Amino acid sequence: MEYRHLGRTGLKVSAISLGSWITYGGHVDNEHAFDIFKKAYDAGINFFDTAENYSAGKAEIVLGKAIKKFGWKQNDLVISTKVYFGLNNSADPSNPINNVGLSRKYIIEGLNLSLKRLDLPYVDIVYAHRPDRDTPIEEIVRGFNYLINSGKSFYWGTSEWSAVEIADAWRVADKLNLIGPAVEQPQYNLLVREKVENEFRWLYEKYGLGLTVFSPLKQGILTGKYNGQSQPPPDSRLATAKDKYSVAYSKTFGNETWQRELDLVEKLKPVAEELGVSLAQLALAWVLKNENVSSVIIGASSPAQVDENVAALEVAKKLSGDQLQKIDEVLGN
Ligand code: NDP
């Protein structure tokens, strides 16, 4: 395993981390999830990503159970979770009022609830899962700093914030002598590049912003396994997940965008063949090549997928400038 600094912090995270959206507590049963966690840990993955709302809180519970089951020590792990979306905890779930968003109240209560589900005293990173444009940025920055000062999280980050919003958080943090977001969590893969490569470019140098990137396989599309299929394969998360996000995503199966992306994936096959690697490995290796990426969050649903995906670290070492150029030509970007 390779370990990289989380942006400009002293924290070292495995270059490949394991996420838990949709999978654990969702379409993968607990015993199977434990096997995947173990495989990841044994491969040197020290960084596990989750969120309060993944599988309605069950993803955090399964991760916490895995840590206890295997007797892992928290000082050997980097655990991240996210607050913002809430979990229908209010007396009237249809009207969550203060049980969502990034008010000081919800940031603190939300993380306390996550820690309870994880059964841990602290996490390493807590993310603002989305921007909250109805709460003053000063309140948000102070709220996350409170979590850091009270030892409930060591760093804070953002997810799906714009460059301007991240810079605004830093401006306020600097003014108040507080800690700004160390890391942003955006989508980044061969098909989605704009934010990471253009919009955020000036933030890496100016604020030392780290990146933990999600959906590196564009939810499986970049593995090529959906090419030539009229339905999602029966064991895939698109076919089996009941989570509202994946149900919504599965409805896009076969639409125009989907088809356009599959056509691009088809064009990448000769590049993968030339390297003698799978499409998944090519796609992950390509993300790993970006030095601004602190960690690539994979979403494996079997131990075999962990093995295949971790091997992308070796592929990244072999990926030459010529091959990167060829990929750009093939994708037209
Ligand atoms: P990916 O794009 O890597 O998709 C993961 C899915 O791809 C797996 O569930 C699996 O599908 C398939 N897959 C993975 N490896 C292989 C392989 N080697 N061969 C064939 N199929 C493979 O990542 P995710 O979209 O799952 O995102 C990763 C993590 O990022 C999440 O778990 C979460 O922690 C985080 N995330 C954060 C978001 C945010 O808003 N901050 C949003 C989305 C994700 P199948 O199960 O069908 O086999």
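What counts and how
Residues numbered from 1 in each chain as written. Predicted model: local features only at pLDDT ≥ 70, side-chain atom pairs only at ≥ 80, totals over all residues. Heavy atoms only, no water. Helix = DSSP H or I, 4+ residues; strand = E, 2+ residues; numbered from the N terminus. Buried < 20%, exposed > 50% of the residue type's maximum accessible area, 1.4 Å probe, protein only. Polar contact = N/O pair within 3.5 Å; in protein donor to acceptor, adjacent residues only side chain to side chain. Expected span 1.5 Å × (residues − 1). Contact = heavy atoms within 4.5 Å. Bend = angle between axes of the 7 residues up to and from the residue. 1 Å grid on protein atoms, 1.4 Å probe; cavity = no way out; pocket = protein on both sides within 12 Å on 5 of 7 lines; lining within 4 Å. Points joined across faces, edges and corners; volume = space filled by probe spheres on them. Near = heavy atom within 4 Å. Areas by Shrake-Rupley, 256 points an atom, 1.4 Å probe, with all protein chains shown as cover. Sits in = over half its atoms within 2 Å of the grid points. Nonpolar A, V, L, I, M, F, W, Y, C, P; charged D, E, K, R; others polar. Phe/Tyr/Trp six-rings, centres within 6.5 Å; stacked < 30°, edge-to-face > 60°. Lys NZ or Arg CZ within 6 Å of the ring centre and 35° of its normal.

1. Digging into the side chain of S153
Note that S153 resides in strand β7 (residues 153–159). S153 gets classed as buried once you look at its relative accessible area, which sits at 0%. From its side chain, S153 meets the backbone nitrogen of V126 in a polar contact 3.2 Å long.

2. Here we look at helix α2 (residues 58–70)
An α-helical turn contains 3.6 residues, so any two residues separated by three or four positions project in the same direction. Here α2 is 13 residues long and its end C-alpha atoms lie 18 Å apart, about the 18 Å a rise of 1.5 Å per residue gives. Looking at α2, one finds that the buried residues are A59, E60, V62, L63, G64, A66 and I67. Here the buried face of α2 lies against α1 (30–42), β4 (47–49), β5 (78–83) and α3 (104–118). With its phi angle positive at about 65°, G71 sits one or two positions after the end of α2.

3. A few points about helix α10 (residues 256–275)
If you check α10, its first and last C-alpha atoms are 30 Å apart, about what 20 residues at 1.5 Å a residue would give, namely 28 Å. Maximum bend of α10: about 30°, positioned at L268, with proline P270 one to four residues after it. Among the residues of α10, W258, E261, L262, L264, V265, L268, V271, A272 and L275 are the ones counted as buried. The elements touched by buried residues of α10 are α8 (237–240), α9 (244–250), α11 (279–288), α13 (312–318) and α14 (321–331). The backbone nitrogen of T257 lies 3.1 Å from a side-chain oxygen of the residue at the head of α10, namely N255. Looking one or two residues past α10, G276 carries a phi angle of roughly 70°, positive in sign.

4. Topic: the environment of Q185
Structurally, Q185 can be placed in strand β8 (residues 183–185). According to the relative accessible area criterion, Q185 is buried, its value standing at 2%. The spacing of Q185 and F214 is 29 residues in sequence and 6.8 Å in space, taken between C-alpha atoms. Not counting residues up to four positions away in its chain, the partners in contact with Q185 are D49, K82, Y127, T158, S159, E160, T212, F214 and I297.

5. Some details on the layout of surface pockets
Considered as a void within the structure, the largest pocket measures approximately 900 Å³ in volume. Forming the walls of the largest pocket are 39 residues, and the residues nearest its centre are W21, S215, Q219, R237 and G299. Sorting the residues of the lining of the largest pocket by element identifies α8, α11, β10 (293–298) and α12 (303–310) as the ones contributing at least two each. No other element matches α12, which puts three residues into the lining of the largest pocket. Volume-wise, the second largest pocket comes out at about 240 Å³. In terms of lining, the second largest pocket is formed by 13 residues, of which the most central are N53, G86, L87, N88 and K244.

6. Let's talk about the site of the ligand
Lining the immediate surroundings of the ligand are 32 residues, of which D49, S215, R237, G299 and S301 lie closest. K225 places a side-chain nitrogen or oxygen 2.8 Å from an oxygen atom of the ligand. In isolation the ligand offers 900 Å² of accessible surface; the protein chains occlude 95% of this area. Under a 2 Å grid-point criterion requiring more than half of the atoms, the pocket assigned to the ligand is the largest pocket. Those elements that place two or more of their residues in the shell around the ligand are β10 and α12. Per element, the largest residue contribution to the shell around the ligand is three residues, and it comes from α12. Looking at the shell around the ligand residue by residue, the class counts come to nine nonpolar, 16 polar and seven charged.

7. Quick word on the packing of aromatic side chains
The geometry of two aromatic rings is summed up by the distance between their centres and the angle between their planes. The full count for this structure, using the stated rule, is 13 aromatic pairs. Joined through ring pairs, the aromatic side chains of Y24, F34, F37, Y41, F48, F70 and W72 make up one cluster. Across from the ring centre of Y146, 5.1 Å away, lies the NZ or CZ of R104, which sits over that ring.

Read these as spatial facts, not as claims about activity.
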